[in-house]
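# Commentary on secondary and tertiary structure
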Amino acid sequence: MHTTFRTGLVVGKFSPLHLGHERLIRAAQGQCERLLLLCWSLPELPGCEAGRRERWLRLRFPELQAEVVTPARIQAWREQGKRLPDLPHNDAPEFEPRQFVAEFCQAVFGTTVDAVFTSEGYGEGFAAHLAGVFGHSVRHVCVDPQRLAVPVSGTRLRADPHGLRDFLAPEVHADFVERIVLLGGESTGKSSLAIALAAALDAPCVAEFGREHWVAKDGQLEFDDLLHIGRTQVAREDQAALTAGRYLVCDTSALTTLFYSHAMFGRAEAELATLAERPYAHTFLCADDFPFVQDGTRQDETFRRRQQAWYRAELQRRGWPFQVLTGPLEARVEQVLGHLRNASPG
């Protein structure tokens, strides 16, 4: 497809960004010298918060200028002297979003457009409104209005992102994967539980990289190793999430690495502390209700009690909900499965 327009525009909620949106954007790219993406949703829709939508667009279309607009960003632009109306509500009369787009293009993008691309019937009226504000022709290009190429909608995807995952890029679906993190002091059965739970859920399991690295260095860790461990643990999680189904089982998190950094060196890198802030859908703390077992990589019972107390205090301080798992392995698996059943919508 040859270039037809100087500047084109695609506007959407992208909640979530699905392959139908991507097809529309790619079609617009092929016809424009410059393509702009404008995204907002007021209110934001479940699982599709502004930060996620911004990341999806950046990952899938890094070459394009994309703006994900929120009321806070509107205020920030106003403080920079840009004249912008309030962000329209999702149910606002059609004049409001059309006028907002026209003023936003001029104030923030610093340009007008000569084409808008949609898959909707409202596109002709939208283009006509922009033309009236800009003072020049604006063409509407409609792409697959009957959704024959990608038969899905954002509403359906929000209701069943896993069942309809084939309509999402892996990077987008990864944000809907429910990450299960298992925490616990040394010799609390965490790793055995992670393997058993992954099997029960038919889910990937991300092993504890810190243990691998400790063995590889014969237990001689240096301060810089802790940040490397945290980064690698997070990277492995993110990679596994790209192919996971509904669940991903994580045998520990960067929170554990943060604990060891302070325990071993009395300090931690700021980046490691940031990595330890990563949220998880479900957090479980394995109780120390059976005898301590020394496997050659662990310290002792006193250290285990200290670690357990730190986890409890830290989770409570951060306000993160968690469930303590007790008893033998089979009982712990059932406790997790029961929690997940109760947490499921409907």
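Residues numbered from 1 in each chain as written. Predicted model: local features only at pLDDT ≥ 70, side-chain atom pairs only at ≥ 80, totals over all residues. Heavy atoms only, no water.

The protein chain is annotated in an unreviewed UniProt entry as NadR/Ttd14 AAA domain-containing protein of Pseudomonas tohonis.

This structure, assessed with the given rule, holds 24 salt bridges. One salt bridge connects D238 with R278, and the closest N-O pair in it is separated by 3.0 Å. In this pair, D238 is assigned in helix α10 (residues 223–241) and R278 in the loop between α12 (270–275) and β9 (282–286), connecting sequence segments 40 residues apart. On the basis of relative accessible area, D238 is assigned to the partly exposed category, the value being 33%. Its salt-bridge partner being E334, residue R341 comes within 2.6 Å of it at the nearest N-O pair. (Salt bridge = Lys/Arg side-chain N within 4 Å of Asp/Glu carboxyl O. Helix = DSSP H or I, 4+ residues; strand = E, 2+ residues; numbered from the N terminus. Buried < 20%, exposed > 50% of the residue type's maximum accessible area, 1.4 Å probe, protein only.)

Below, the discussion takes up the domain arrangement of the protein chain. The domain architecture assigned to the protein chain consists of domain 1 (5–164) and domain 2 (177–343). A separation of 40 Å is found between the C-alpha centroids of domain 1 and domain 2. (Domains from an automatic or database assignment.)

For the rest of this paragraph, the subject is the environment of F259. Looking at where F259 falls in the secondary structure, it is placed in helix α11 (residues 254–265). Looking at F259, the relative accessible area reads 4%, which means it is buried. Each C-alpha atom of the pair F259 and A128 lies 59 Å from the other, and the pair is 131 residues apart in sequence. Apart from residues lying up to four places away in sequence, F259 is in contact with F303, Q307 and W310. (Contact = heavy atoms within 4.5 Å.)

This part takes up the sheet that holds strand β8 (residues 247–251). Read across the sheet, 5 strands follow the order β7-β8-β6-β9-β10 without closing on themselves; strand pairing throughout is parallel. Looking at the sheet topology across the chains shown, the edges are occupied by β7 (205–206) and β10 (323–325). As paired elements, β9 and β10 share 3 bridges and run parallel to each other. By the bridge assignment, C286 is partnered in β10 with L325. Across the sheet, α10 touches β6 (178–183), β7 and β8, and the angle it forms with β8 is around 160 degrees. (Pairing = 2+ DSSP bridges. Axes fitted to C-alpha atoms, helices over the stretch in contact; angles between N-to-C directions.)

Okay, the pairing of strand β4 (residues 115–118) next. Look at any regular strand and the pattern is simple: side chains alternate between the two faces of the sheet. Here β4 shows two buried faces, one formed by A115 and F117 and the other by V116 and T118. Pairing of strand β1 (residues 5–12) with β4 involves 2 bridges; the strand directions are parallel. Bridge pairing links G8 to A115 in β4. In terms of handedness, the path from β4 via helix α5 (residues 123–134) over to strand β5 (residues 139–142) forms a crossover that is right-handed. (Right-handed = clockwise from strand over helix to strand, strands pointing away.)

What follows is about the side chain of E67. Along the chain, E67 turns up in strand β3 (residues 65–68). Of the residues examined, E67 reaches a relative accessible area of 13% and is grouped as buried. Apart from the residues lying within four places of it in its own chain, the contact partners of E67 are L37, L38, C39, R73, W77, F104, V108 and F109.

Spatially, 5 strands are ordered β3-β2-β1-β4-β5 in an open sheet, and the strand pairing comes out parallel. Strands at the two margins of the open sheet, each flanked by one partner only, are β3 and β5. If you compare each strand with its neighbour and ignore which way they point, the axes differ by 25 degrees on average. Where helix α4 (residues 95–109) meets the sheet, it contacts β1, β2 (32–39) and β3, and its direction lies at approximately 115 degrees from that of β2.

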